[in-house]
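# Commentary on secondary and tertiary structure
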Amino acid sequence: MNFLLSGFEIAILVFVALVIFTIARGVRIVPQGFNYTVESFGRYSRTLGPGLGLIVPYVERIGHKVNVMEQVLDVPSQEAITKDNAGVKIDAAAFFNVLDAAKSSYEVADLELALITLTMTNIRTVVGSMDLDQLLSHRDEINERLLRVLDAAASPWGIKVNRIEIRDSRPPADLADAMARQMKAEREKRANILEAEGKRQADILRAEGEKASQILAAEGRKEAAFRDAEARERSAEAEAKATSMVSEAITKGDLAAANFLVAEKYIGAIRELATAPNQKVVILPIEMASLAGTIGGISELTRAVFSDGDGKNPTTRARPGPTVPIVPSSNGPNTGRSGGGDA
């Protein structure tokens, strides 16, 4: 079965197809994160945002599809010379986004190339104004200076530069070795300073300890000297009191006290001679009878004192006892022998 269309029907079909094609050309769906520029007879007229957009078919067309999301621009590595003539290889990255799709499309021919060239030029400028030490230790300052310059330069293009990051800055190998040696020497210097400071502090503490020890020792010697002086004072007082008592007894006619005092001094002197470490021979006087008489006087005085202490016998004046003659020994003039048994 054959269907034959008349000329009118064919015209209607062509018209319907043309309408559908025209409607399809006038409807544009813009994805999120993009802006489309619309050109009317080759001239920019407006910008379509994300969503459904309509244009006039056959009169308007889509000029550029612009990505308005933040983008990362990889800046190629380049050699830069610092202020102190040190060559440094620098890598960087730029983060930007488009604020005005029309300017980014019609104010600059190649946006990415322009940004890369601008970034590399300003990196060389900033690096050339800094020393190597500043370049290696003030990376944040470099990033801030680059960001300020690039943002101002890219503003006419409808671009907002958000961040500039120096990823790496590598000095030459020989310069890196010299820096490593310098760092090692500096650390050794700090270690020596700390060690010397520790020894100095230890010496100070040790000296302070010795000072405190000497002060305590001096205080001890002072206290001991004070005690010794006090003891000597009391001994002198006792000696003076004893001497006074003996003098009083002599004044009263009691010769036994005088004999006691003389005998005590006499025997003490002989004892010191006998106990001296460098004394090997004891020298005794030839007249030992006086010593025997003195001993007798001491015994009489002792009996008088004890009899007075008991209260049974009245106090009597001590009389010197019978003397025992001392006959010098025939062995030598410096030794004596008691002759009491042979008299």
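Anyway, here's the lowdown on the structure attached to this text. Values in this document were obtained by computation on a predicted structure and should not be read as measured data.

### A look at the overall build of the chain
When helices and strands are tallied, the chain shows eight helices and ten strands. With 343 residues in all, the chain has 25% of them scored as buried. Once local pairs closer than 6 in sequence are excluded, the contacts in the chain between residues at least 24 apart make up 61%.

### Points about the sheet that holds strand 8 (residues 159-170)
Taking strand neighbours across the sheet as the criterion, the three strands line up as 6-7-8 in an open arrangement whose pairing is antiparallel. Each end of this open sheet is capped by a strand with a single partner; those strands are strand 6 (71-81) and strand 8. Neighbouring strand axes in the sheet, compared pairwise and without regard to direction, differ in orientation by 20 degrees on average. In terms of strand pairing, strand 7 (residues 87-98) meets strand 8 through ten bridges, oriented antiparallel. Considered in strand 8, the bridge of Ala93 is made with Glu165. Sheet contacts for helix 3 (residues 111-128): strand 6, strand 7 and strand 8; angle to strand 6, the most-contacted strand, approximately 40 degrees.

### With respect to the nonpolar core
Among the nonpolar cores identified, the biggest contains 34 residues, and Leu111, Leu115, Trp157 and Ile159 are the most heavily contacted of them. Among the secondary structure elements, those contributing two or more residues to this core are strand 6, strand 7, helix 3, helix 4 (132-137), helix 5 (139-154) and strand 8. Among the elements that take part in this core, helix 3 stands out by supplying nine residues, more than any other. Formed by six residues, the second largest nonpolar core is a distinct cluster that contains Val30, Tyr36, Leu48 and Ile62.

### Thoughts on a nonpolar patch on the surface
On the surface, Phe8, Ile12, Phe15, Val16, Val19, Ile20, Ile23, Val27, Ile29, Leu52 and Leu54 cluster together into a nonpolar patch covering about 1,100 Å² of accessible area. Residue assignment for the nonpolar patch shows that the elements contributing at least two residues are helix 1 (7-26), strand 1 (27-30) and strand 4 (51-54). Of the residues forming the nonpolar patch, the biggest block, seven residues, is contributed by helix 1. Residue placement: Phe8 occurs in helix 1. With relative accessibility at 60%, the residue Phe8 sits in the exposed group.

Rules used throughout
Residues numbered from 1 in each chain as written. Predicted model: local features only at pLDDT ≥ 70, side-chain atom pairs only at ≥ 80, totals over all residues. Heavy atoms only, no water. Helix = DSSP H or I, 4+ residues; strand = E, 2+ residues; numbered from the N terminus. Buried < 20%, exposed > 50% of the residue type's maximum accessible area, 1.4 Å probe, protein only. Contact = heavy atoms within 4.5 Å. Pairing = 2+ DSSP bridges. Axes fitted to C-alpha atoms, helices over the stretch in contact; angles between N-to-C directions. Core = buried A, V, L, I, M, F, W, Y, C linked by side-chain atoms within 4.5 Å. Patch = residues over 30% accessible without salt bridge, like charges linked within 9 Å, V, L, I, M, F, W, Y side chains within 5 Å. Areas by Shrake-Rupley, 256 points an atom, 1.4 Å probe, with all protein chains shown as cover. Salt bridge = Lys/Arg side-chain N within 4 Å of Asp/Glu carboxyl O.

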